[in-house]
Amino acid sequence: MDTALRRKKKKDEKLLLSILLPAAAMIFCSALEALMLVKDSRSYELWLSANPSGNADRFISMHLMIFLFSCLYPAACSLYSVFALPRTGPDLLYRAVWGMLGLCVLVSRLLAFRFDSLFYDLGLVFLLLLIVAIFRSGKRQEHGVVNKELQ
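The model shown is predicted, which means the values in this text are computed figures rather than measured ones.

Caption draft 1: Up close: the pattern of salt bridges. The final tally for this structure, using the stated rule, is one salt bridge. Between arginine 114 and glutamate 33 there is a salt bridge, with the nearest N and O atoms lying 3.6 Å from each other. Placement of arginine 114 in the loop between helix H4 (92–110) and helix H5 (118–136) and of glutamate 33 in helix H1 (residues 2–39) is noted, with a sequence separation of 81 residues between them. Look at glutamate 33 and you get buried, because its relative accessible area is 9%.

Caption draft 2: Quick peek at the side chain of arginine 109. Note on placement: arginine 109 falls in helix H4. Buried and unpaired, arginine 109 has glutamate 33 as its nearest opposite-charge partner, separated by 5.7 Å. Arginine 109 has contacts with Met26, Ser30, Ser70, Tyr120, Gly123, Leu124 and Leu127, leaving out every residue within four places of it along the chain.

Caption draft 3: The arrangement of the packing of H4 against H5 in detail. Put simply, H4 and H5 touch, their axes get as near as 9 Å, and they point 160 degrees apart. As the angle between them shows, H4 and H5 are arranged roughly antiparallel. Here H4 and H5 pass one another in a crossing that is left-handed. The segment H4 lies against H5, with Tyr94, Arg95, Trp98, Gly99, Met100, Gly102, Leu103, Val105, Leu106, Arg109 and Leu110 engaging Tyr120, Gly123, Leu124, Leu127, Leu128, Ile131, Ile134 and Phe135. A per-class count over the contact of H4 with H5 returns 14 nonpolar, three polar and two charged.

Caption draft 4: Layout of H5. The end-to-end C-alpha distance of H5, which contains 19 residues, comes to 27 Å, matching closely the 27 Å that a straight helix rising 1.5 Å per residue would cover. Buried within H5 are the following residues: Tyr120, Gly123, Leu124, Leu127, Leu130, Ile131, Ala133 and Ile134. Those residues of H5 hidden inside the fold are in contact with H1, helix H3 (56–88) and H4. Residue serine 117 occupies the N-cap position of H5, its side-chain oxygen lying 3.4 Å from the main-chain nitrogen of phenylalanine 119.

How each quantity is defined
Along each chain, numbering runs from 1 in the same order as the chain's sequence is written. In keeping with the predicted nature of the model, local features appear solely for residues at pLDDT of at least 70, side-chain atom pairs appear and are counted solely at 80 or more, and the whole-chain, interface and lining totals rest on all residues. Neither water nor hydrogens contribute to the side-chain values; these are computed over all heavy atoms in the structure. Criterion for a salt bridge: a side-chain nitrogen of Lys or Arg within 4 Å of a carboxyl oxygen of Asp or Glu. The numbering of helices and of strands both runs from the N terminus, where a helix is a DSSP run of H or I of at least 4 residues and a strand a run of E of at least 2. Any residue under 20% of the maximum accessible area for its type is buried, any over 50% is exposed, and the rest in between are partly exposed; the area is computed with a 1.4 Å probe on protein chains only. Neither His nor the chain termini are counted; the positive set is Lys and Arg, and the negative set is Asp and Glu. The contact criterion used is simple: two residues touch if any of their non-hydrogen atoms lie within 4.5 Å. A fitted line through C-alpha atoms represents every axis, and for helices the fit uses only the stretch in contact; the resulting angles, taken between N-to-C directions, go from 0 to 180 degrees. Here roughly perpendicular refers to angles of 65 to 115 degrees, roughly parallel to angles under 35, roughly antiparallel to angles over 145, and oblique to all remaining angles. The sense of a crossing depends on the near helix, which, turned anticlockwise from the far helix by less than a right angle, makes the crossing left-handed and, turned clockwise, makes it right-handed. Residues are sorted three ways: Asp, Glu, Lys and Arg are charged, Ala, Val, Leu, Ile, Met, Phe, Trp, Tyr, Cys and Pro are nonpolar, and all the rest, Gly among them, are polar. A helix is expected to reach a length of 1.5 Å times the quantity of its residues less one. We define a polar contact as two N or O atoms separated by no more than 3.5 Å, with the added condition that, inside protein, one atom must be a possible hydrogen donor and the other a possible acceptor, whereas residues neighbouring each other in sequence contribute only through side-chain atom pairs.

Just distances and angles here, no functional claims.
This is the structure in structure tokens:
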């Protein structure tokens, strides 16, 4: 019985890591992309030509807001996964809501057409990995409850 609980706990930890690692990598790529865009003088000059009344503060604030919005989905998904998965498990509602939200974020990012940045491309790859991990999470669990025996 003790070995069965240990195996189940290992599976649960593996599931959580398969969700947390792509989310953390996605946030890291978003941070590096924002840093590269803010530090690039060519990007600032291009933005300034499109917005003649703008200044450096507005440019930095705009990229900070883009960064925060790009971190919103992986951070919320990770927090929900850490606190709710041990109690409820990856049920159908979890996979449907977070998976569909992830697909919406993916389409939104694809429509931004910023494929010239390596960190943008890596962020898309990690987002896709996160979505796949969420959709596959139900196949890794037998009954849908993760740590019910341990509580």
